[in-house]
Amino acid sequence: MPYEGASILHADLDAFYASVEQHLDPTLRGRPIAVGGNVVLAASYEARACGVHSGMPGWRAKLLCPDLRFVGGHFREYQRLGDAVIEVLRDFTPWVERVSIDEAFLDVAGSVHLFGAPAAIAATIRGRVRDELGLPVSVGVATTKHLAKVASQVAKPDGIVVVDRGAERAFLDPLPVELIWGVGAATRERLHGAGIRTVGELAASSPSTLQRLLGTAIGTKLGFLAANEDQRSVEGGRRAKSMGAQAALGRRAVSRTLLWSTFAFVADRVAPRLRAARRAGRTVTVRVRFVGMRSVTRSITLPWPVSTTTTITEVAVGLAQAALADHPGEREVTLLALSVSNLVDESSLQLELPVLDDDPHRPGTEAGSARWAVDRAVDTVRERFGRAAVGYAPVVFREDGGVPDEFRELAEADARDAPPPDAR
DNA sequence: TCTGGGGTCCTAGGACCC
DNA sequence: TCTGGGGTCCTAGGACCC
C-alpha cells in the first residue's frame, strides 16, 4: 500500500559557499563573510543580517557591513561537497532530482518501510550532512514539490518544516507572496499594488484578476501554486535547452578588437561544451550591455546547427556589430554575452550529405569540415593536457576583473544534464 | 564610483503558409 | 477586388531562479 502522507522533501544547503568557507576555516565561523570580491557571490547569515546579499557590488556590501571579510572562494570544494550531499540523499531513495549545486528534491514514499517516516528521514539527512560534511542544510517536507520548497525556505537557516497532508492551507495562507516560486520583485510589486500581500489573498483572487495583472501564463501558474494544485513529480535529468557564456568587461570602448577577442574567448567556453555534449544549435543570441545596465539582444536562427568555435565567434561578432549599429550613441560596453539555443543532437547532423558549396559555417562543406577537424583536435589535446594547453589564435581577451575559471566551471556544472533516475 | 555567470520561461508582433 | 482563421517560426525584451 503506497505511503499516503507528505513524502516530498526539498533539501537546501544554507548559504552554501559561505558555509563551506566557514567549515574549511573555523576562524570564519560566526563572522560576517562574503565569497567574491567585486561582487558578492554568497554571503553568510551573519553578513545577511546587515543586508548583504549575493549579486551586490562588493563596495556596497563593505559599506553596509564594515566587519565583512571577503574570502577567496574554494570553487572546487563547493563542487565536491555539493556532490557529496547529493550522494547522502541517494542513500535514502533513487528518486533525487537535483535542482542546482546546493539543492534537490527527493520522493521518499517508497523508503518509509526502510528508514521511517519522511520527517524522520529529513532529520537523519540533516544530521548526516552536518556530521559527515560539516554543513547546515534545511529541509522542507510536504505533499508537493512546490510546497516542500516553500517549507525549506521557511525552515532556513538550519531547520526543518513539515507540512502534513491537510495542513497545507493553514501553512500557506499567512506567508508573503514572494515565497511563491516565480514571484520576484516585479511581480511582488504588481501584486502589492492590487492589495495582494499574502499567499491566502493570492489564492482567493479570481483567475481573471491574476491574468489581467500578470498575463495569462504567469497569472494561471501563480493561481495554481497559491491554490496548491501543483502536482509535478520528482524527476531526473532534463536536457539543457541552451548553452551560453558571458564576460563582464568593466567599461570598455567599442572596437573591432574588443569584439573579436571577447567573443573568441566566450565562444571558446560555449562551443567545447556543446561538442562535449554532442549537441549543436541553430540559434545564436548575443547580448550587449552598455553603461547603466541598458542592454540589447540580437539573435539569428541559422539554416543549420553550429558548434564550431570559429563559426560561433563569427556569427556572434556579426550580431554584436548589428546591435551596436542600431545604438550609435553607445560608445562603451560593460558586458558581452553569447548563447546558443535550438539545440539538436549531433547524430542528426551526421546524416547530412556532404554539400558542394563552400560556406564554412555549414557542416559537410570542405571548409566546414576543416573547422570541425580543428575543434576536435583542440578538444582532444585539452582532454589530455588541460584547457591552457592549446587555444585559438584570437583569444587575447584578458580576464582582469573577471571571475576565475573555476567559478565558470562550477556554474557550467550546475547547468549540466543531471543523470536520469536510477529506476523507473 | 552601479552590479557575476549560467540558465528557464513568457510575451508580443511580424512573416509566412495553407 | 478584397479577404478569414489557424498554425508555426522567428526576433527582442523582460522576469525570474540559483
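Right above here is the structure, for reference.
Residues numbered from 1 in each chain as written. Chains lettered and ligands numbered in written order. Predicted model: local features only at pLDDT ≥ 70, side-chain atom pairs only at ≥ 80, totals over all residues. Heavy atoms only, no water.

Colleague: Requested: an account of unusual backbone geometry, with residues and values cited.
Modeller: Residues lysine 156 and proline 157 are joined by a peptide bond in cis, for which omega reads -5°. As for its placement among the helices and strands, proline 157 is situated in the loop between helix H7 (145-155) and strand S8 (160-162). One non-glycine residue with positive phi stands out, namely asparagine 228, at about 60°. Here asparagine 228 is to be found in the loop between helix H12 (216-226) and strand S9 (242-253). The exposure class assigned to asparagine 228 is buried, which follows from its relative accessible area of 15%. In this model, asparagine 342 sits at a positive phi of 60°, which is unusual for a non-glycine residue. Within the secondary structure layout, asparagine 342 lies in strand S12 (residues 332-345). Residue classification places asparagine 342 among the partly exposed residues on the basis of a relative accessible area of 39%. (Helix = DSSP H or I, 4+ residues; strand = E, 2+ residues; numbered from the N terminus. Buried < 20%, exposed > 50% of the residue type's maximum accessible area, 1.4 Å probe, protein only.)

Colleague: Could you give an account of the sheet that holds strand S2 (residues 33-36), naming the residues involved and the relevant values?
Modeller: Ordered in space as S3-S2-S4, the three strands form an open sheet in which the pairing is mixed. Unpaired on one side and paired on the other, strand S3 (40-43) and strand S4 (69-71) mark the two borders of the sheet. Mean inter-strand twist for the sheet, computed between neighbouring axes without regard to direction, equals 35°. One ladder, built from three bridges, connects S2 with S3; its direction is antiparallel. Counterpart to glycine 36 in the pairing with S3 is valine 40. Lying on the sheet, helix H1 (residues 16-24) is in contact with S2, S3 and S4; it crosses S2 at an angle near 110°. (Pairing = 2+ DSSP bridges. Axes fitted to C-alpha atoms, helices over the stretch in contact; angles between N-to-C directions. Contact = heavy atoms within 4.5 Å.)

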